[in-house]
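# What the coordinates show
Residues per chain are reported as follows:
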There are 4 protein chains.
Amino acid sequence: MAYSGSPVLLEELLIKPTHSLIDQSLHSRLGAETTNGDGFGLGWYGTGERPAVYHSVAPAWNDRNLVELADHLVSPLFFAHIRASTGGAIQQTNCHPFRHGRWLWMHNGLIREFSTVKRDLVLAVDPSLYAEIEGSTDTEVFFFLALTFGLEEDPPAAVEKAVGFIEKTGRTHGVEHPIQMTVATTDGTGLWAFRYSSEGSSRSLFCSTNVATLRAQYPDNPALHELSEETCLVVSEPLGDLAGAWNEIPESSYAVVHEGQDELHPFSPRPV
Amino acid sequence: MAYSGSPVLLEELLIKPTHSLIDQSLHSRLGAETTNGDGFGLGWYGTGERPAVYHSVAPAWNDRNLVELADHLVSPLFFAHIRASTGGAIQQTNCHPFRHGRWLWMHNGLIREFSTVKRDLVLAVDPSLYAEIEGSTDTEVFFFLALTFGLEEDPPAAVEKAVGFIEKTGRTHGVEHPIQMTVATTDGTGLWAFRYSSEGSSRSLFCSTNVATLRAQYPDNPALHELSEETCLVVSEPLGDLAGAWNEIPESSYAVVHEGQDELHPFSPRPV
Amino acid sequence: MAYSGSPVLLEELLIKPTHSLIDQSLHSRLGAETTNGDGFGLGWYGTGERPAVYHSVAPAWNDRNLVELADHLVSPLFFAHIRASTGGAIQQTNCHPFRHGRWLWMHNGLIREFSTVKRDLVLAVDPSLYAEIEGSTDTEVFFFLALTFGLEEDPPAAVEKAVGFIEKTGRTHGVEHPIQMTVATTDGTGLWAFRYSSEGSSRSLFCSTNVATLRAQYPDNPALHELSEETCLVVSEPLGDLAGAWNEIPESSYAVVHEGQDELHPFSPRPV
Amino acid sequence: MAYSGSPVLLEELLIKPTHSLIDQSLHSRLGAETTNGDGFGLGWYGTGERPAVYHSVAPAWNDRNLVELADHLVSPLFFAHIRASTGGAIQQTNCHPFRHGRWLWMHNGLIREFSTVKRDLVLAVDPSLYAEIEGSTDTEVFFFLALTFGLEEDPPAAVEKAVGFIEKTGRTHGVEHPIQMTVATTDGTGLWAFRYSSEGSSRSLFCSTNVATLRAQYPDNPALHELSEETCLVVSEPLGDLAGAWNEIPESSYAVVHEGQDELHPFSPRPV
């Protein structure tokens, strides 16, 4: 879940919705895994120069500190992630969101046969970034590849190059469909959300509908009047059942959210 | 899961079965909760005077130490438990099995409105035992009540008295159905398994069929020839699908397993 | 460590001082224990109605989430505590500060022979509060005794009564010196710090000197000019070596801090 | 601590000695760090084909499961390690001993400026072994370098080559003294213990004196008569104060223990 909008108390996003992320951690309806109990992570922007991250190895539904934080943290930009490990160790250094400078990155999906391709992918990471890799996940390596290919300058191009490189490397090792992904990343100002898979059959990804549109559609819903105009939520599964509130981000595309405007663009891996 | 029989490597029980306990922790088929990710516990008898216990707050499916232990521990008597908390904190002192001297105790179910009745129940625990209570669960208090009522001398009578006392206390506080339980307890020699609920609609509990009977029924199944005659497994859910291998312990009854023989008796709470 | 004053970033208190609390967790100079590695806790007042608490079982020097929080939390009132267990389990429910409504409570010291006196102390807790006790520490029972004796109405009187009751109970059980304590408590507005022990030889406790006094003494020290007039820090060990900055709270006394004014009063247990 | 000898109950080694490893975790007398609270690990040989490992992120003095295991595990070969992190994350994948096949490896010391040299060292690891690296420590990379240079065939030569490579790599990056180490490794039969540092001033390492010699010296000490002839303990700090029981392994040398015989040899890094 990625939130960008007017400053909000975290529990409004994380705990109060009907089908909140904490509820999803126990009972996912759309995910590849029904239980996402292999750790949890938060990222948010506040007083510090860089965003804060909170990483926990406990299932989200069990973490009391998370409930405390949700009741006290206010921010205009939150990332939250529940993990279902595809084999990697359950440890804080494997929890999303990952951070580099002002950037946050989280991912739902996998690089297939990662143990086979990992060495080639890691070697391609810029040596000056290499020592920052702390965990053992595919997601962190993917993030550092995107940074290597220019994430901080041109996020869509960098992700397209990183995916191009991952696909090329996977195919060299005989992997038919090297990557399955939904990715969200931010520098604290803009927010980018990508949906792609080598096989053209990606996990779900939704973006909340423009608040003004929703208000016109539901003039009597008070909840919609509390939201600021520029509110945008990107989620793997809708947080509630309000018809029209969630738009699926199409296969092989990405959304850019900036100052409350979001745009959709096609996504295609680039050769590198 | 409670095992009594010839010494066995733990992984044969915990990891290899089709529908093993670790698998059940992620996907329970019969349980009240589909996910049992709120900690794990083992108890076994070995070189020490008292049984060993291993308590973990991680979900069973994530605990690497558990896989290591399963590959090395051999014992004629194992208890294993996966927890789905009904609200209590996730901490080692709340993990089953609980231990006192040579006794182990584990429980699937709950004492209803426990926060309301807890004080009265705890006050009834023998003062000499009181200081041993370390956690905050209903199960541990239930165990110390059973000890107070003579578990070490006459287990069925003690459990019937403890349940009688819990029901009386609950009803004093207006709780309609004070207890829902399946309990297993052992002193390292005998094994007792109880199934009861105030409403007469208890959680599932199964006992493995006598090995000689199964061999006669399935003469060509090699797995059955590796088991010793006195093998007995008590489980909340069958570990596999072999027809005839599992007998449901009926409502309001208990099984006594001793030297490979098991007997069924009716269970009824006693006034105290 | 208890801080009351103008809103401050937690890391200014917790991480930056020469002899910070995190440093003290590894190398205490004045404490009864040289290592305080048995968990950590924070409490602070912010957006929620009640204070937030963050409880960790990791040693403070190892907790990465703590460093993240310290870099982002701003509050006018912080409690922080490093634990050296005197035998109790290392679990979040045993971490200080404890909370009830708007109150926080933390303690350095012990109730002697706690396992002997625990039952009598717990029985004296108001039954309406009993179910809130979640952990197994002497500190939490002490807090609930103080609440029972009126902490929310008259904190000094309630603590004097709780200590009187603890001493009476201990002596009934033949404990020569039943309590050794420094306690800090707050309702988010006032702050009370107590130093007392049955044997008249208590652990250290210090209160920061009035900022105006310090500025007059050190006109050239810029750090003192950033502090607001009403800043007050209560600590078990000074955070730095500035001469005159720390005043020892005397044996058998307590300090009341309210709107930047602090007063010292004698403390004597009351019969109950 | 590495033990090789007749099968022994772990608690005899880990808990009962005057200055046991658990005691050392809180109060090291000879170590570079006085507190070793950053995790714990055990390795032992038993029923499985490969040794078992138990890795914990809790300080050893706090780990209740460890006390339980110590009371029940019997093995002729134990490795135990207490960690004081030099910066790496506190996670199970960073706990010693590390394992590959039948080999265990543990290390006290550090590769200096590891973040600078890490990439070059990791690239030198055999690609077929690369995917087994799970953690982020210098020790694990050192182990995989030794495996790459033939640890399974000729342990002393492989370690000399690995250290030669580490020193060469460090010096290329301007590190004056690239390594400080005491290492123990075993395949379940032989045991090798190395003491070396680039600056010629290594951490302490001791080997227990031959039991027959000790018995002749202390004919009235019953403890010595319970030990088998082939008992050998390798430790960073002596476990007790019996004069003559511990021999320091000299600077730049290694001990080979095989069937109760131990030999000392000089150690010198080899160019690769």
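Preceding this section is the structure that the text describes.
Here's a quick rundown of the structure.

Reading the values: the criteria
Residues numbered from 1 in each chain as written. Chains lettered and ligands numbered in written order. Predicted model: local features only at pLDDT ≥ 70, side-chain atom pairs only at ≥ 80, totals over all residues. Heavy atoms only, no water. Helix = DSSP H or I, 4+ residues; strand = E, 2+ residues; numbered from the N terminus. Pairing = 2+ DSSP bridges. Axes fitted to C-alpha atoms, helices over the stretch in contact; angles between N-to-C directions. Buried < 20%, exposed > 50% of the residue type's maximum accessible area, 1.4 Å probe, protein only. Contact = heavy atoms within 4.5 Å. Least-squares fit on C-alpha atoms with pLDDT ≥ 70 in both. Lys, Arg positive; Asp, Glu negative; His and termini not counted. Salt bridge = Lys/Arg side-chain N within 4 Å of Asp/Glu carboxyl O. Polar contact = N/O pair within 3.5 Å; in protein donor to acceptor, adjacent residues only side chain to side chain.

This part takes up unusual backbone geometry. Excluding glycine, a negative phi dihedral is what most residues carry, and trans is how most peptide bonds are arranged. With omega at -15°, the peptide bond leading from A:H96 into A:P97 counts as cis. Within the secondary structure, A:P97 sits in the loop between β4 (74-82) and β5 (98-100). Of note, C:S252 is a non-glycine position whose phi angle comes to about 50°, a positive value. With respect to the secondary-structure elements, C:S252 resides in the loop between β11 (246-248) and β12 (253-258).

Glancing now at the sheet that holds strand β3 (residues 52-56) of chain C. All names here are of chain C. Read across the sheet, seven strands follow the order β3-β2-β4-β1-β10-β9-β11 without closing on themselves; strand pairing throughout is antiparallel. Pairing within the sheet leaves two strands with one partner each, and these edge strands are β3 and β11. The sheet shows a mean angle of 30° between the axes of neighbouring strands, direction not considered. Relative to strand β4 (residues 74-82), strand β1 (residues 2-9) is paired through five bridges, and the arrangement is antiparallel. Within the sheet, the bridge partner assigned to A2 lies in β4 and is F79.

Residues and elements named next belong to chain A. Here L66 lies in helix α3 (residues 64-70). When its relative accessible area of 0% is taken as the criterion, L66 is described as buried. Those residues in contact with L66 that sit more than four places away from it in its chain are L14, I22, F40, L42, Y54 and A60.

Attention now moves to the relation of the copies chain B and chain A. By a simple turn and slide, chain B fits onto chain A: the slide is 0.0 Å along the axis, the RMSD is 0.0 Å, and the turn is 180°. Expressed as an axis order, the relation between the two copies is that of a two-fold axis. If distances are taken from each C-alpha of chain B to the rotation axis, the shortest is found for B:A58, at 3.5 Å. Residue by residue, 100% of the interface of chain B is reproduced at the interface of chain A, so both copies engage with the same surface.

So, on to the side chain of D:D63. Residues and elements named next belong to chain D. Tracing the backbone shows D63 in the loop between β3 (52-56) and α3 (64-70). Although D63 lies buried, it forms no salt bridge, and the closest oppositely charged side chain, R64, sits 8.3 Å away as judged by the N-O distance. In terms of polar contacts, D63 uses its side chain to reach the side chain of Y54, at 2.9 Å. Beyond its immediate stretch of four places on either side in the chain, D63 contacts Y54 and S56.

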